[in-house]
Amino acid sequence: FSSRRRHTRYISVTGVQTCALPILKNAVAGFGVQVSAGYRPSAKAFTAEAAVTRQFAFQGVTPYAGVGAGAAFSPRRGATTQNATDSYLSGLVGVDYPFNESIALTGELGVRYFLSNQGYASGLDAGVERGVSPGARLGVKFRFLPGAVN
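As the structure is a computational prediction, the values presented were derived from the model and not from experiment. (Residues numbered from 1 in each chain as written. Predicted model: local features only at pLDDT ≥ 70, side-chain atom pairs only at ≥ 80, totals over all residues. Heavy atoms only, no water.)

## So, the overall build of the protein chain
Part 1 of the argument: When its secondary structure is counted, the protein chain shows zero helices and seven strands.
Part 2 of the argument: In the protein chain, the order of α-helices and β-strands from amino to carboxyl end is β-β-β-β-β-β-β.
Part 3 of the argument: Taking all 150 residues of the protein chain together, 40% fall into the buried category.
Part 4 of the argument: Pairs at least 24 residues apart make up 53% of the contacts formed inside the protein chain by residues separated by at least 6 positions.
Part 5 of the argument: In the form shown here, the protein chain has an accessible surface area of approximately 8,300 Å², with 63% of it arising from carbon and sulfur atoms. (Helix = DSSP H or I, 4+ residues; strand = E, 2+ residues; numbered from the N terminus. Buried < 20%, exposed > 50% of the residue type's maximum accessible area, 1.4 Å probe, protein only. Contact = heavy atoms within 4.5 Å. Areas by Shrake-Rupley, 256 points an atom, 1.4 Å probe, with all protein chains shown as cover.)

Below, the structure is given as structure tokens:
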């Protein structure tokens, strides 16, 4: 694959809204599941992702790492009325700073390997069939039913 890519990545500081929810925390042998959804207005792109994560105990913060897969939905390149779906594999590392049992400040670095590049969501150059798109996100994590998912 080509290593050429645009400067805009899947998560940028300019208008990205994401939501990452840890659905199951430490479900089996310390592993859990996290789902996330996002929207990037500049590309009119929606993303949905699920990842298996592993959290590590550390003084006052919770580092974690994970692998997953997802899909990105955006306008098809070169078409004004058609949409495209691009699938990807992902890897992530992050850290949560919990305020309480339900809310945490989170920072995350990730990389997505797009298996296709039909739409604008990947951030890859138009002539590239597949490739890597790194990114970062900073936000707030909400855990619903905190006592039930431990």
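## Overview of the side chain of R77
Part 1 of the argument: Along the chain, the position of R77 falls in the loop between β4 (62-75) and β5 (83-98).
Part 2 of the argument: Although R77 is buried, it forms no salt bridge, and the closest oppositely charged side chain is D86 at an N-O distance of 6.3 Å.
Part 3 of the argument: A polar contact of 3.0 Å, which involves the side chain of R77, links it to the side chain of N117.
Part 4 of the argument: Beyond its immediate chain neighbours, meaning those up to four positions away, R77 contacts N117, Q118, G119, Y120, S122, L124, D125 and A126. (Lys, Arg positive; Asp, Glu negative; His and termini not counted. Salt bridge = Lys/Arg side-chain N within 4 Å of Asp/Glu carboxyl O. Polar contact = N/O pair within 3.5 Å; in protein donor to acceptor, adjacent residues only side chain to side chain.)

## Observations regarding the pattern of salt bridges
Part 1 of the argument: Applying the stated criterion to the full structure yields two salt bridges.
Part 2 of the argument: The partner of E49 in a salt bridge is R112, with the nearest N and O atoms 3.3 Å apart. In this pair, E49 is assigned in strand β3 (residues 45-55) and R112 in strand β6 (residues 103-114), connecting sequence segments 63 residues apart.
Part 3 of the argument: We classify E49 as buried; its relative accessible area is 8%.
Part 4 of the argument: In this structure, R137 and E108 form a salt bridge, with 3.0 Å as the shortest nitrogen-oxygen distance. Of this pair, R137 sits in strand β7 (residues 131-142) while E108 is found in strand β6, placing the two residues 29 residues apart along the sequence.
Part 5 of the argument: In this structure R137 comes out as buried when scored by relative accessible area, which is 12%.
Part 6 of the argument: By relative accessible area, E108 is classed as buried at 8%.

## Remarks on the packing of aromatic side chains
Think of a pair of aromatic rings as described by two things: how far the centres are apart, and how the planes are tilted against each other in angle.
Part 1 of the argument: The final tally for this structure, using the stated rule, is three aromatic pairs.
Part 2 of the argument: Seen in terms of ring centroids, Y88 and F114 are 5.1 Å apart; in terms of plane orientation they differ by 50°. Their pairing is tilted. One end of the pair, Y88, is in strand β5; the other, F114, is in strand β6, with 26 residues separating them in the sequence. Summarising the burial analysis for this pair, Y88 and F114 share the class buried. (Phe/Tyr/Trp six-rings, centres within 6.5 Å; stacked < 30°, edge-to-face > 60°.)

## What about the nonpolar core?
Part 1 of the argument: Judged by nonpolar contacts, A43, A45, A72, Y88, F114, A121 and L124 together constitute the single largest core of seven residues.
Part 2 of the argument: Leave out the neighbours within four places in its chain, and A43 touches S74, P75 and Y120. (Core = buried A, V, L, I, M, F, W, Y, C linked by side-chain atoms within 4.5 Å.)

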